[in-house]
Each structure stands twice: as C-alpha cells, then as structure tokens.
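Tertiary structure, described
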Amino acid sequence: MTSTTALPTLPTLDTDAVVESLADLVAEHYVFPDTAGQLAALLLRRLAEGCYRTESAQELAEKVTTDLRSVNGDLHLSLKYHAVPAPPERGAAALAAMRREFDATLGGIPRVELLDHGVAVLEIAPNMFPLDWAAQPLAAALSLVAPARALVLDLRRNAGGDPDTVAFVCGHLLDGRTHLNTMLSRQGEVAEQSWTPPFVPGARFGGSKPLYVLTSGNTFSAGEELAYDLQQLGRAEIVGETTRGGAHPREGWTVHPNLELSVPVARAVNPVSGTNWEGTGVRPDVPCDADAALDRALALAAARLA
C-alpha cells in the first residue's frame, strides 16, 4: 500500500467579503480623505461589475492593486499577496516578510569595502530594517567606515522600511541633532517628527567629509527618504537614477491569510523643501545609469580628494 501525505487545505477566498473590507479600510484610513472616498467607490463598483471574480488570491491582489493605484498613482497603496500565510495582527504580515529578508541578508548590510584613495563603500539593502533589529549591524558597519576620507552610500537596491532607521543612519553622517521630517496625519495635524538621535553608538563619519549616495529606479520609500534628507540638507550628492517616488508612510491589514492591504496613513513634509518626493522621486544631482553610478561616484570622490 502506498501512503500519501495530505496537502494543506488552502483558505477559501470570499472575494465579495474581502473587497468590501478593503473599501471600508481605505475609506477610513487613507491619508487623503477625498481620494479615499473615490478609491472605496471604485473598488465597490468594480466588484459589482464582476471584475474581481477569481479563486486566486494572487490574481485578486494584482487586480485590486492596479485599481488602487489608478486614481493618484500612490505606490504604497496595494493589496499584497503572501505565499506564506500572514499573521492576522495589524502590520504583522509585512513585518514577518521583512524578518525573513533580514535573516537572509546579514542584517541588510551586503557590502562594506575600502577602495582606493581611502573611499569606503557601504551598501544598505534590501531594506531599512526595523531599528531594534538593524541597530547593531548598522552601527558596526558605520563605525567601520567612519575613518574613511569619503563615503559612497549605495541605496540602489533599497526598497524601504523604517524611518527610525533612516534617522539612525543620518545621525552617523551629520553633526548635531537635526530635524529630518514632519509627519502629518489624515486630518493635517502633526503626527510625529523625525530627528537624528542625540547619541549614536560607535564612531561617527560626521558631517563634513565627502558623501555620495547611489540611487536607482528601484530605490523606494525609506530608501528614498535617506537620499532625500541628505540631499535637502546639502550633505550629500545623489548619483544615479530618479527613484520610484513613494513618500507616504503606510500601515497594513491582513484581510485574508494570504492578502495584506497596504494603506498610506500620513504624509511627510521636509523642513527644507516644505514637501516630499511623492510621485516625483528623488532626482539625482549627477544623473547616470544605475549600473554606472558607483564608478561615477568614485571618480567624483577621487577628484575632490585630490
């Protein structure tokens, strides 16, 4: 007799219930109330038209995400498909997926290297991981490059993450406590301010030596914030491509074991520019193809140090 192992039963997808819950959540939480109403009405209209008839959670995620982004192009608005069933708690699905990446990528520091002329290269990827995870590997890497004559910070593969981690990195690259961003709520009130910490562990690269930040068309969210903050403060030259353009902090709701709704709940206001990089991306000071950005930055650093 041949024994067989039963396959796990996949959760049933009730598209009506899921989409109706999506409409309610977007209407209640999206940062721009007028747009929130339009998006909720769009989802319910598309549901009534039969556009979401599918038994595939992944297919539903793709269709809903396309519709969510069709109104104002907000790239933080999405219905995310998770192949691994997601925890039900608010925000836990994205955190669980990020934790798997953290454990597989040396804490998000894939490269630390000293090159010619005393120029160090530090890559932070694939995310700005939550600070309570990332502080130790980041502090070690930033302390290691602190004595360098110039620093190239590579964010070309950084897809975003924690604004607190952005502030932590900036704290190593600036002198003194510095205001980075103000978050405004859906009601237009100040929800939170982001400042560099008054103390950083380890050595500090500081605010005067040459600093270059590499970007690509894939750099997103908190990765963009780090580049934007340093650019607006006049601290770094941005080298590479215009970034994706997602500035709104988001929260997540698990609406099905394999589906997480991502909704922007606030907007960032930079104290220098009075705005942010939403929809425009961070525009480089030295535009070039992402693949050529490192060589370009190293040439700039060598010329300046000479």
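Quick note: structure is the one above.
Summary of the structure given here. In this text, all values refer to a predicted model and were calculated from it rather than measured experimentally.

So, about the overall build of the protein chain. Across its full length, the protein chain carries eight helices and 12 strands. In terms of overall size, the protein chain behaves like a compact globule, its C-alpha atoms giving a radius of gyration of 21 Å where 306 residues would be expected to give roughly 19 Å. Principal-axis analysis of the C-alpha atoms gives the protein chain an extent of 65 × 60 × 35 Å. Counting the 306 residues in the protein chain, one finds 51% classified as buried. Taking contacts inside the protein chain between residues at least 6 apart in sequence as the whole, the part at least 24 apart equals 75%.

Now for the sheet that holds strand S5 (residues 179–185). On the basis of which strands lie adjacent, the open sheet formed by three strands has the order S6-S5-S11 and antiparallel pairing. This sheet does not close on itself; its edge strands, each paired only once, are strand S6 (190–195) and strand S11 (266–269). Between one strand and the next, the sheet's axes are offset by a mean angle of 25 degrees, whatever the strand orientation. Across five bridges, the pairing between S5 and S6 is antiparallel. Looking at S6, one finds that Asn181 is bridged to Ser194. Across the sheet, helix H6 (residues 163–173) is in contact with S5 and S6; its angle to S6 comes to roughly 30 degrees.

The geometry of helix H1 (residues 15–29) relative to helix H3 (residues 57–68) is characterised by a closest axis approach of 12 Å and an angle of 30 degrees between their N-to-C directions. The orientation of H1 relative to H3 falls into the category roughly parallel. When the axes of H1 and H3 are compared, the crossing they make is right-handed. Counting all contacts with H1, which are made through Thr15, Val18, Val19, Leu22 and Val26, the residues of H3 involved are Leu60, Val64 and Leu68.

A word on the nonpolar core. In this structure, Leu122, Ile124, Leu153, Leu226 and Leu230 are the most contacted members of the largest nonpolar core, which totals 40 residues. Mapped by element, the contributors of at least two residues to this core are helix H4 (92–104), strand S3 (119–123), helix H5 (131–145), strand S4 (150–154), H6, strand S7 (211–215) and helix H7 (222–232). Take this core: its biggest share by element is seven residues, from H5. Counting 28 residues, the second largest nonpolar core, distinct from the first, contains Ala23, Val31, Ala36 and Trp253.

Time to look at the side chain of Glu225. Secondary-structure assignment places Glu225 in helix H7. An unpaired buried charge is present at Glu225: no salt bridge exists, and Arg177, the closest side chain of opposite charge, is 13 Å distant. Those residues within four positions of Glu225 in sequence are excluded, and the remaining contacts are Pro163, Val166, Asn181, Ser194 and Trp277.

As a further point, take the sheet that holds strand S8 (residues 237–240). Reading across from one edge, S2-S3-S4-S7-S8-S12 is the order of the six strands in this open sheet, with mixed pairing throughout. Each of the sheet's edge strands pairs with one partner strand only, and the pair in question is strand S2 (111–114) and strand S12 (286–287). By the bridge criterion, five bridges tie S3 to S4 in an arrangement that is parallel. When the bridges of S4 are listed, Ala120 appears paired with Leu151.

Conventions used here
Residues numbered from 1 in each chain as written. Predicted model: local features only at pLDDT ≥ 70, side-chain atom pairs only at ≥ 80, totals over all residues. Heavy atoms only, no water. Helix = DSSP H or I, 4+ residues; strand = E, 2+ residues; numbered from the N terminus. Rg over C-alpha atoms; globule rule 2.2 N^0.38 Å. Buried < 20%, exposed > 50% of the residue type's maximum accessible area, 1.4 Å probe, protein only. Contact = heavy atoms within 4.5 Å. Pairing = 2+ DSSP bridges. Axes fitted to C-alpha atoms, helices over the stretch in contact; angles between N-to-C directions. Parallel < 35°, antiparallel > 145°, perpendicular 65-115°, else oblique. Left-handed = near helix turned anticlockwise from the far one by under 90°. Core = buried A, V, L, I, M, F, W, Y, C linked by side-chain atoms within 4.5 Å. Lys, Arg positive; Asp, Glu negative; His and termini not counted. Salt bridge = Lys/Arg side-chain N within 4 Å of Asp/Glu carboxyl O.

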